Amino acid sequence: MQKMLTLISNVYRLGNASKNVGARMVLSTRFFTDFTPQASFDIKKCELHRLEAGPSETAVLTREQGLQYYRTMQTMRRMELKADQLYKQKIIRGFCHLYDGQEACAMGIEAGINPTDHLITAYRAHGYTFTRGVCVREIMAELTGRRGGVAKGKGGSMHMYAKHFYGGNGIVGAQVPLGAGVALACQYQGNNQVCVALYGDGAANQGQIFESFNMAALWKLPCIFICENNKFGMGTSVERSSASTDYFKRGDYIPGIKVDGMDVLCVREAIKFAADYCRAGKGPIVMELETYRYHGHSMSDPGVSYRSREEIQEVRSKSDPITMLKERMLSNNMASVEEIKEIDVDIRKVIEDAAQFAISDPEPPLDELCNHIFANDLPMEVRGTNPWVKLKSVS
Amino acid sequence: MHFLVANEILYCIEDYCIKAFCKLRTSRSSLTEDRSKMASIRCFLRSGKSAVSVVLRREFSKTSPAAVQVNVRDALNQAMDEELERDEKVFLLGEEVAQYDGAYKVSRGLWKKYGDKRIIDTPITEMGFAGIAVGAAFAGLRPICEFMTWNFSMQAIDQVINSAAKTYYMSAGAQPVPIVFRGPNGSSAGVAAQHSQCFAAWYGHCPGLKVVSPWNSEDARGLLKAAIRDNNPVVFLENELMYGVPFDLSEEVMHKDFVLPIGKAKVERQGTHITLVSHSRCVGFCLDAAAVLAKEGVECEVVNLRTIRPLDVETIEASVMKTGHLVTVEGGWPQYGVGAEICARIMEGPAFNYLDAPAVRVTGVDIPMPYAKILEDHSVPQIKDIIFTVKKVLNM
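Computed from a predicted structure; not experimentally measured.

1. Some points on the overall build of chain B
Of regular secondary structure, chain B possesses 15 helices and 14 strands. Taking the intrachain contacts of chain B between residues at least 6 apart in sequence as the baseline, contacts between residues at least 24 apart amount to 81%. In the form shown here, chain B has an accessible surface area of approximately 17200 Å², with 58% of it arising from carbon and sulfur atoms.

Now the structure itself:
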């Protein structure tokens, strides 16, 4: 009975596969609940700038990869929504820039580079902090300003770091020259690593980005400049901020690729191409990921004064990156509805546990206040609020 | 301030009289005669001015000022609105100032009222738009250039210092730069290291710049109007945490020509035992500390600097010579800060001989601003720190 139901449901799902853009299915006559080990998908062709050939137009996805991408993206999604909740409860304070809607960018990039490669981004960084290896507990505890946070509570939302992940940067555009500098170090040390330097459409007009482009091209730095174009720089749409909205062409003499940032496979293939290009010593490359953020610029921006709720709803229903991946996997029998549900339940537990930790972990101790001013230095004295308060600082 | 309003009115009367006199001139009267007649009219008016202004002052203090509650944000908004209306050459540019109504809503309603030409949304390019604003000032406009916070001005500081502050000097008076740079300065709540720095000392260091740091709504209103009317580059340091705080404003302050003099401090509270000198939000803390100390018999004189540069040393000296004790209070870092400058000036001036104890500074802790609440609270001067310091200085 079970097997028959599975067969029927398989046939039903295979029939529904036409929803996806030209997905080719691997048919199998099965009676057991085993899944397709891998499938090949046609992905959107990328617009190219100064490139003869671009990223692959088909992407192979294995079941394991699919489940891993799903799990990671869903974790990011739920983590951001939990952060939203905690912010409204005033447990998280200050600035909080949420990433929900843009998960495919962080996941796709991580899937296409090595853990030994480098990455730097701006303040909408929670997703990247996770993909670069920091666990949800430490991210959430940092948001709530506790000692268990990845920066011991001293950095907050915009200043989280990990190995080969340089934050988390608060000043718009400043992270791009930093990323080019990391790439310089990679070239200098000959370690065949690349640096991914991310910035937004709002930052794309910053002069320092063009200065970075120039030096990266001049010195052939292995730097992948990526513009995450979510169409708005705070409340300003791209049309109102940029004389040219072809962000992938803004590198001018640097080749560029325009990528569908809502499709994790598209992003992955593009970044693989870009990383190969850089590793071959051809110099930098610019990528534009077309994506969307569901939340406003930050938690103090409702996000509906400069765009309509209908627009947000439309993107959610038609282009959501997690839904897209899920539907691909289900319609190709790479996973079952139950399995996905199980993953969701598991993620919910992880997030709840992390939130619990983030709320109950104590705040940093006061003797931590002045530490980490200088590195590798002897302990020193730091002036407090008045001359009689002498605090201790340890490296 | 009564004097300044009266001043304006009297200049108008003077102008009118002189114009009327000119109309009455006959072709037979000689130029010298006319000039001396005009001079005597002027003298009459001027001697009468002080009498009239005294009368006006008395008038103002007699009539109970209709107090209206205005928070600092609205005071700034109204000041800009009035100045935009008064002078066509005034315009505002910055990130999100127009269609978003301002990142902190300080420019709410202005774009709707004045449109694209006078309220301009810029891309996120501080160096670029600050330079553009200074250039516009070179060519005769009177820009108000908003930095979303003063932290971002570091991206543009070359334009503020090298292009705005120094130009009048370098051109030997040929090129004035009537520009106002404004935005929130100093620490906020939970915005961490890159968004919490105080720039009073940085900009206060530079000749050619006027640097203003208002505390309450009256300061905000009067000083912003003065800054916009000033033909020099003015750095206007607001405070995000003060934006929502309401204060009572008298009818006189609400007058559309109300301006406060840049470079003049105000004694907010009279006292005899010790002088507290502060600026911006810390003035409120000083007043709170003074209220607590008063219960123990210590009367603090609280001086609100209002202007960082030019520094009103006279007011501080007069106060120190009265009380014999000085504590400066600021949110910024101690090293090379505003308090350090005040202490140095007191040392170098006549007030030093009146000090009964060394002058001391209360400042932010000498570290980048941490994020966690408990750490942030301990990184900025609190009321208890001011009270503690006062007692130490007074040997209590």
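We are not done yet, so read on.
2. Quick notes on the layout of surface pockets
Residues and elements named next belong to chain B. The volume enclosed by the second largest pocket comes to roughly 540 Å³. Lining the second largest pocket are 32 residues, and of these Ser187, Arg281, Gly331, Met369 and Val380 sit closest to its centre. Those elements that place two or more of their residues in the lining of the second largest pocket are helix H11 (281-294) and helix H14 (373-377). The class makeup of the residues in the lining of the second largest pocket is 12 nonpolar, 14 polar and six charged.

3. What to know about the interface of chain A and chain B
Often the size quoted for an interface is simply the accessible area lost on bringing the parts together. If you look at the interface, chain A gives 47 residues, while chain B gives 46 residues. Between chain A and chain B, the buried area comes to about 3700 Å², and carbon and sulfur atoms account for 61% of it. Here Glu376 of chain B makes a salt bridge to Arg93 of chain A, at a shortest N to O gap of 2.5 Å. The tally of links from chain A across to chain B stands at 20 residue pairs in polar contact (both at pLDDT 80 or more). Contributions of two or more residues to the side of chain A that touches chain B are made by helix H5 (136-143), helix H8 (238-241) and strand E11 (380-383) of chain A. In terms of residue class, the side of chain A that touches chain B is built from 18 nonpolar, 22 polar and seven charged.

4. Structural notes on the pattern of salt bridges
Once their charged atoms are close, side chains differing in charge can pair, the charge on each being opposite to the other. All names here are of chain B. Tallied over the entire structure, the rule returns 41 salt bridges over all chains. Salt-bridge contacts for Asp74 lead to Arg108; the nearest nitrogen and oxygen are separated by 3.8 Å. Placement of Asp74 in helix H3 (residues 72-86) and of Arg108 in the loop between strand E2 (90-94) and helix H4 (110-118) is noted, with a sequence separation of 34 residues between them. Between Glu88 and Arg118 there is a salt bridge; the shortest N-O distance is 3.6 Å. Taken as a pair, Glu88 in the loop between H3 and E2 and Arg118 in helix H4 lie far apart in primary sequence, 30 residues in all.

5. Some details on the sheet that holds strand E13 (residues 326-329) of chain B
Backbone hydrogen bonds hold the strands of a sheet together, and the pairing may be parallel or antiparallel. All names here are of chain B. An order of E9-E11-E10-E13-E14 is seen for the five strands of this open sheet, with the pairing classed as mixed. Each having just a single partner strand, strand E9 (266-269) and strand E14 (360-362) make up the two edges of the open sheet. In this sheet, neighbouring strand axes are inclined to one another by 30° on average, regardless of whether the strands run parallel or antiparallel. Packing of H11 onto the sheet brings it into contact with E9, strand E10 (274-278), strand E11 (300-304) and E13, and relative to E11 it is tilted by some 170°.

6. Side note on the UniProt feature "domain: Transketolase-like pyrimidine-binding" (unreviewed entry) in chain B
Those residues carrying the UniProt feature "domain: Transketolase-like pyrimidine-binding" (unreviewed entry) are residues 70-245 of chain B in this numbering. Between the end C-alpha atoms of residues 70-245 of chain B there is a gap of 8 Å, over a span that is 39% helix and 16% strand.

7. Some details on the state of the cysteines
Residues and elements named next belong to chain A. Scanning the entire structure with this criterion turns up zero disulfides over all chains. Looking at Cys46, it has no disulfide partner, and the nearest cysteine sulfur is the one in Cys266, 5.0 Å off. On the basis of relative accessibility, which here comes to 10%, the residue Cys46 falls in the buried class. Here Cys278 is not cross-linked by a disulfide; its sulfur's nearest cysteine counterpart is in Cys223, at 7.2 Å.

8. Things to note about the sheet that holds strand E12 (residues 307-309) of chain B
Residues and elements named next belong to chain B. The mixed open sheet is built from seven strands, whose spatial order is E3-E2-E4-E5-E7-E6-E12. Both outer strands of the open sheet, strand E3 (119-121) and E12, are each paired with one neighbouring strand and no more. Each neighbouring strand pair of the sheet contributes to a mean axis angle of 20°, computed without reference to strand direction. Looking at chain direction, E2 and E3 are connected through three bridges and run parallel. Note that in E3 the partner of Leu92 across the bridge is Ile119. Against the sheet, helix H9 (residues 217-229) makes contact with E2, strand E4 (142-146), strand E5 (180-184), strand E6 (210-212) and strand E7 (234-238), and its axis sits at roughly 160° relative to E7, the strand it touches most.

9. A look at empty space enclosed by the protein
Across all of its chains, the model carries five cavities of 30 Å³ or more by this definition. In this structure, the largest cavity encloses a volume near 80 Å³. Lining the largest cavity, in full, are Phe95 of chain A together with Tyr104, Thr149, Asn151, Pro184, Asn185, Gly186, Ser187, Ser188, Val191, His195 and Glu240 of chain B. Tallied by class, residues from the lining of the largest cavity come to four nonpolar, seven polar and one charged. In this structure, the second largest cavity encloses a volume near 50 Å³. In terms of lining, the second largest cavity is formed by Val72, Leu76, Pro214, Trp215, Asn216, Ala220, Glu238, Asn239, Met242 and Tyr243 of chain B. Among the residues forming the lining of the second largest cavity, the class breakdown is seven nonpolar, two polar and one charged.

10. A word on the side chain of Asp201 of chain A
All names here are of chain A. Of note, Asp201 is situated in the loop between strand E5 (195-200) and helix H7 (207-218). The charged side chain of Asp201 is buried without a salt bridge, its nearest counter-charge being Arg293 at 7.0 Å. Only 3.5 Å separates the side chain of Asp201 from the backbone nitrogen of Lys231, close enough to count as a polar contact. Polar side-chain contacts of Asp201 include one of 3.4 Å to the backbone nitrogen of Gly233. Leave out the neighbours within four places in its chain, and Asp201 touches Cys227, Glu228, Asn229, Asn230, Lys231, Phe232, Gly233, Val238, Ser242 and Tyr247.

About the thresholds
Residues numbered from 1 in each chain as written. Chains lettered and ligands numbered in written order. Predicted model: local features only at pLDDT ≥ 70, side-chain atom pairs only at ≥ 80, totals over all residues. Heavy atoms only, no water. Helix = DSSP H or I, 4+ residues; strand = E, 2+ residues; numbered from the N terminus. Contact = heavy atoms within 4.5 Å. Areas by Shrake-Rupley, 256 points an atom, 1.4 Å probe, with all protein chains shown as cover. 1 Å grid on protein atoms, 1.4 Å probe; cavity = no way out; pocket = protein on both sides within 12 Å on 5 of 7 lines; lining within 4 Å. Points joined across faces, edges and corners; volume = space filled by probe spheres on them. Nonpolar A, V, L, I, M, F, W, Y, C, P; charged D, E, K, R; others polar. Buried area = accessible area lost by both parts, 1.4 Å probe. Salt bridge = Lys/Arg side-chain N within 4 Å of Asp/Glu carboxyl O. Polar contact = N/O pair within 3.5 Å; in protein donor to acceptor, adjacent residues only side chain to side chain. Pairing = 2+ DSSP bridges. Axes fitted to C-alpha atoms, helices over the stretch in contact; angles between N-to-C directions. UniProt positions renumbered as here; feature names shortened; annotations may be inferred. Disulfide = S-S within 2.5 Å. Buried < 20%, exposed > 50% of the residue type's maximum accessible area, 1.4 Å probe, protein only. Lys, Arg positive; Asp, Glu negative; His and termini not counted.

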